[in-house]
Amino acid sequence: DQQVKQNSPSLSVQEGRISILNCDYTNSMFDYFLWYKKYPAEGPTFLISISSIKDKNEDGRFTVFLNKSAKHLSLHIVPSQPGDSAVYFCAASISYSGAGSYQLTFGKGTKLSVIP
Amino acid sequence: SQTIHQWPATLVQPVGSPLSLECTVEGTSNPNLYWYRQAAGRGLQLLFYSVGIGQISSEVPQNLSASRPQDRQFILSSKKLLLSDSGFYLCAWSVRVQARYGYTFGSGTRLTVV
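Residues numbered from 1 in each chain as written. Chains lettered and ligands numbered in written order. Predicted model: local features only at pLDDT ≥ 70, side-chain atom pairs only at ≥ 80, totals over all residues. Heavy atoms only, no water.

Just to check I follow, could you spell out the nonpolar core for this structure?
As a rule of thumb, soluble globular proteins bury nonpolar side chains together. F33, W35, L73, L75 and Y88 of chain A are the most contacted members of the largest nonpolar core, which has 24 residues in total. Counting residues per element, the ones that place at least two in this core are β3 (19-25), β4 (32-38), β5 (45-51), β7 (62-67), β8 (72-77), β9 (86-96) and β11 (110-115) of chain A. The element that contributes the greatest number of residues to this core is β9 of chain A, accounting for 5 residues. W35, A66, L111 and V113 of chain B belong to the second-largest nonpolar core, a separate cluster that totals 19 residues. (Core = buried A, V, L, I, M, F, W, Y, C linked by side-chain atoms within 4.5 Å. Buried < 20%, exposed > 50% of the residue type's maximum accessible area, 1.4 Å probe, protein only. Helix = DSSP H or I, 4+ residues; strand = E, 2+ residues; numbered from the N terminus.)

Written out as C-alpha cells, the structure is:
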C-alpha cells in the first residue's frame, strides 16, 4: 500500500514560470511533510518541510501548501530556474514518541524539467 | 558540522559475489541510520534502519543485511549478489525527534550486478 503518492512522474515548465508539484497521502497520522530534491547520481537534499498543524510554509522561491482535509500537499517554485531541474520527492513522517524517533515514507518522485 | 560519508561511489560486481557498502557519520552522536535503495524508475525504498549500536530493523525481506558495529558506522552487506540487487544505494542519518529537518543523505553508491 503506497501511503505517499506522486501521480505525475514528470513535469516540464518554462523558465520564469511557476512549477507546481503535487503529492497525496493516505495516512492521517503523518505529522510532518517534507520535500527533497535529487540530482542524478547524488543523494536527495532536504528542501522544505511543513508541520501537519500548518497549511503553508515558505522559504524563498519555495512554498509548500498542505490541505489536510484533502490529504494533499503541493510544492510551488516561483520563479522556476533551469537549476531547479531535478527529481523531487515528497515524504511524510510519523513520530514514535516512545522511541524518540520518526520514520519517513517517500513518494516515487516527480522529474521536473525547467526549459530555458 | 555534521557530515555523512558513503563509499564507494560506483561498484560493478558479478552475480554471486559478496557486497559491503560502508557509511559513516561525523559530527553527531547516537544518530538514527538508514539504508535506502532507488531502483531504476522507482522511488526510494527503505531497506534497513537502526536507532543504536547493534540494533537493526529490516523493512523488506531480501538478499541483503545490515550491521551497525559502531555508533556512527552503518554497513550494508550481501553474501551473494543477485542481478536484482542492482540500484542506487543511499545511506542517511537523522537526529531523533527533529522530523521537520528530515534525513540527511549521503552521495550514494551506484551498484551494477553483472
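Having seen the structure, we can now continue with the description.
Is there a simple way to think about the state of the cysteines in this case?
Disulfides are covalent bonds that connect the sulfur atoms of two cysteines. Scanning all chains against the criterion turns up 2 disulfides over all chains. Paired through a disulfide, C23 of chain A and C90 of chain A show a sulfur-sulfur distance of 2.0 Å. As the torsion about the S-S bond is roughly -75°, the C23 of chain A-C90 of chain A disulfide counts as left-handed. Of this pair, C23 of chain A sits in strand β3 while C90 of chain A sits in strand β9, placing them 67 residues apart in sequence. Relative accessible area serves as the criterion here: at 0%, C23 of chain A is assigned to the buried category. In this structure C90 of chain A comes out as buried when scored by relative accessible area, which is 1%. Disulfide pairing places C23 of chain B opposite C91 of chain B at an S-S distance of 2.0 Å. Between C23 of chain B and C91 of chain B, the S-S torsion sits near -75°, and that sign places the bridge as left-handed. Of this pair, C23 of chain B sits in strand β3 (residues 19-26) while C91 of chain B sits in strand β9 (residues 87-94), and the two are 68 residues apart along the sequence. (Disulfide = S-S within 2.5 Å.)

Mind showing me how you'd approach the pattern of salt bridges here?
When their charged atoms lie close together, side chains carrying opposite charge are able to pair. A full pass over the atoms with the stated rule returns 5 salt bridges over all chains. The partner of K37 of chain A in a salt bridge is D84 of chain A, with the nearest N and O atoms 4.0 Å apart. Of this pair, K37 of chain A sits in strand β4 while D84 of chain A sits in the loop between β8 and β9; the two residues are 47 residues apart in sequence, bridging distant segments of the chain. Across the pair, exposure class does not vary: K37 of chain A and D84 of chain A are buried alike. Residues D71 of chain B and R68 of chain B are paired through a salt bridge, measuring 3.2 Å at the closest nitrogen-oxygen approach. (Salt bridge = Lys/Arg side-chain N within 4 Å of Asp/Glu carboxyl O.)

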